[in-house]
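# Chain and residue survey
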Amino acid sequence: MPTIMTHAAVPLAAGFALGPTRVRRSVVVVGVMLAMLPDIDTVSFLLGIDYADPFGHRGASHSLFAAGVIALTATALLRSSQWRATFAFLFASMASHGLLDALTSGGLGPALLWPFEPDRLFAPFRPIRVSPIGGGFFSTRGLVVLLSEAQWVWLPAISAALMLRWLLPNKAHTAAKEDHNP
């Protein structure tokens, strides 16, 4: 799995790219929390649940189904007037967790299609080094993981966000421009 901090890259980059006129900052904050949420399943280790169990690490909580249910719930709690856009942003934020985990080099793949398909899936291309859990993170291996994440997640996310922010018309700027041109 990527580190918990790197799971925040997708909603942060998307929120920046779309800008505050398209997605409220509060929605971006919730998106960051949802992007990190699936790893709550690491508590399964303490509960004696086997890693390969559907409710073990990278199991049900990493599925697209769970992303949909939780994003729908969060959207309802936020009471957004732009509920479709809010739901899409939150769903993409949480779904990105399992998709990034599918790009890692170790462990079991995420159960992306649970409850419809129990198989753990990996992407055909797995360039992200899997992060050690616990104290092992503060080691040479942890540094290698951070460098891998910078190369394969953060730099592409930042580049895409900057490009999209530049390409997408700024709603506030466009509205002000239209007000001055009768």
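Attention here is on the structure that accompanies the text. (Residues numbered from 1 in each chain as written. Predicted model: local features only at pLDDT ≥ 70, side-chain atom pairs only at ≥ 80, totals over all residues. Heavy atoms only, no water.)

Bringing the nonpolar core into the picture now. Core analysis: the largest hydrophobic core is formed by 13 residues, its most contacted members being Leu34, Phe89 and Leu90. Beyond its immediate chain neighbours, meaning those up to four positions away, phenylalanine 89 contacts Pro11, Ala14, Gly15, Leu18, Val23, Val27, Val28 and Gly31. Core analysis: the next-biggest nonpolar cluster, separate from the first, contains 8 residues, Ala13, Leu100, Ile128 and Ala161 among them. (Core = buried A, V, L, I, M, F, W, Y, C linked by side-chain atoms within 4.5 Å. Buried < 20%, exposed > 50% of the residue type's maximum accessible area, 1.4 Å probe, protein only. Contact = heavy atoms within 4.5 Å.)

Taking 1.5 Å per residue as the helical rise, helix H6 (residues 140-167) with its 28 residues ought to reach 40 Å, and the 39 Å between its terminal C-alpha atoms agrees with that figure. In the structure, H6 departs most strongly from a straight axis at alanine 150, where the bend amounts to approximately 45 degrees. In this structure, the buried side of H6 is in contact with helix H1 (9-18) and helix H5 (83-101). (Helix = DSSP H or I, 4+ residues; strand = E, 2+ residues; numbered from the N terminus. Expected span 1.5 Å × (residues − 1). Bend = angle between axes of the 7 residues up to and from the residue.)

Moving on, we come to empty space enclosed by the protein. Scanning the model with the defined rule gives 1 cavity of 30 Å³ or more in all. As a volume, the largest cavity reaches approximately 30 Å³. What lines the largest cavity is simply Pro38, Ser61, His62, Ser63, Ala67, Met94, Ala95 and Gly98. With 3 residues, H5 is the single largest residue contributor to the lining of the largest cavity. Looking at side-chain class alone, the lining of the largest cavity contains 4 nonpolar, 4 polar and no charged residues. (1 Å grid on protein atoms, 1.4 Å probe; cavity = no way out; pocket = protein on both sides within 12 Å on 5 of 7 lines; lining within 4 Å. Points joined across faces, edges and corners; volume = space filled by probe spheres on them. Nonpolar A, V, L, I, M, F, W, Y, C, P; charged D, E, K, R; others polar.)

Attention now moves to helix H2 (residues 25-36). Within an α-helix, residues lying three or four positions from one another point in the same direction, as the helix has 3.6 residues per turn. Along its 12 residues, H2 runs 17 Å from first to last C-alpha, staying within 8% of the 16 Å computed at 1.5 Å per residue. Listed as buried for H2 are Val27, Val28, Val30, Gly31, Val32, Leu34 and Ala35. Buried residues along H2 sit in contact with H1, helix H4 (64-78) and H5.

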